[in-house]
Amino acid sequence: MSGRRASQQSSERTLALIILGVGTAASLASLLGGLWLVRAGVVVAVLMAFAATFVAWRELKSERERHAEEMKHEVGLRAQQAARFHDESVAMITRFNSRAENLQSVIAKLRGQLATAKAELSSMRGNAAWLRAEVAERQSRIEALETRIAELEAEDTANIVDLPRRVSPSAEDVWGPDEHPTMVDLTRLNLDVLPEARQA
């Protein structure tokens, strides 16, 4: 676009220089001649002034058009850049929002786990306190029982009687010298010590 503008400027400049050259030559030539030649020079100078004005207005119009096109192009580029920046910003905000939502869900999950852990810890502390109380109660009961056992061991043991051992009665213990055994009385005998009787 800059090359085209340079070529347009050079052609318009060339045209303006030609008009100025012709007008200057006509004006100078009219000074050397008669009345009609001066009049013709003035007419040529006026025509050249109108031509120069027309060329200047045309150059100004084309410059305005080029400027408008450049501005339109620049505005389009700025709009595209702004739209791209807006899209990138929206995408970045969306990513950040999704990450923030993920972090919020993770934080909520961790808070739930922390609340559960705190509840479990409180329950375990309560259980530990109950177990300590139970252990203390049982320990005191054991100590009381040990004290009672020590007291019972320290008491007088004169009233304690040994249990008799099992003694198998003999025949003399079961029957007197004038008694004879019967079938009923045989059950009272310990026949384990009499192998000959066990064989019979």
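Shown above is the structure to which this text applies.
Residues numbered from 1 in each chain as written. Predicted model: local features only at pLDDT ≥ 70, side-chain atom pairs only at ≥ 80, totals over all residues. Heavy atoms only, no water.

Chemist: Please explain the overall build of the chain as it appears in this structure.
Modeler: Regarding its fold elements, the chain presents four helices and zero strands. Counted from the first residue to the last, the chain has its helices and strands arranged as α-α-α-α. The buried share of the chain, reckoned over its 200 residues, is 6%. A fraction of 49% describes how many contacts in the chain between residues 6 or more apart in sequence connect residues 24 or more apart. (Helix = DSSP H or I, 4+ residues; strand = E, 2+ residues; numbered from the N terminus. Buried < 20%, exposed > 50% of the residue type's maximum accessible area, 1.4 Å probe, protein only. Contact = heavy atoms within 4.5 Å.)

Chemist: Please explain the pattern of salt bridges as it appears in this structure.
Modeler: A side chain with one charge can pair with a side chain of the opposite charge if their charged atoms come near. Using the criterion set out here, one finds four salt bridges in the structure. The salt bridge partner of Glu63 is Arg66, with a shortest N-O separation of 2.4 Å. Placement of the pair is Glu63 and Arg66 together in helix 2 (residues 35-154), with a separation of three residues, close to one helical turn. Of the residues examined, Glu63 reaches a relative accessible area of 28% and is grouped as partly exposed. By relative accessible area, which is 6% here, Arg66 ends up buried. (Salt bridge = Lys/Arg side-chain N within 4 Å of Asp/Glu carboxyl O.)

Chemist: Would you mind going over a nonpolar patch on the surface with me for this structure?
Modeler: A surface patch of nonpolar side chains, amounting to about 340 Å² of accessible area, comprises Val38, Val42, Val46 and Phe50. Along the polypeptide, Val46 turns up in helix 2. (Patch = residues over 30% accessible without salt bridge, like charges linked within 9 Å, V, L, I, M, F, W, Y side chains within 5 Å. Areas by Shrake-Rupley, 256 points an atom, 1.4 Å probe, with all protein chains shown as cover.)

Chemist: Looking at this structure, how should I read the side chain of Ser62?
Modeler: Relative to the assigned elements, Ser62 resides in helix 2. In this structure the side chain of Ser62 is engaged in a polar contact, spanning 2.8 Å, whose partner is the backbone oxygen of Glu59. (Polar contact = N/O pair within 3.5 Å; in protein donor to acceptor, adjacent residues only side chain to side chain.)

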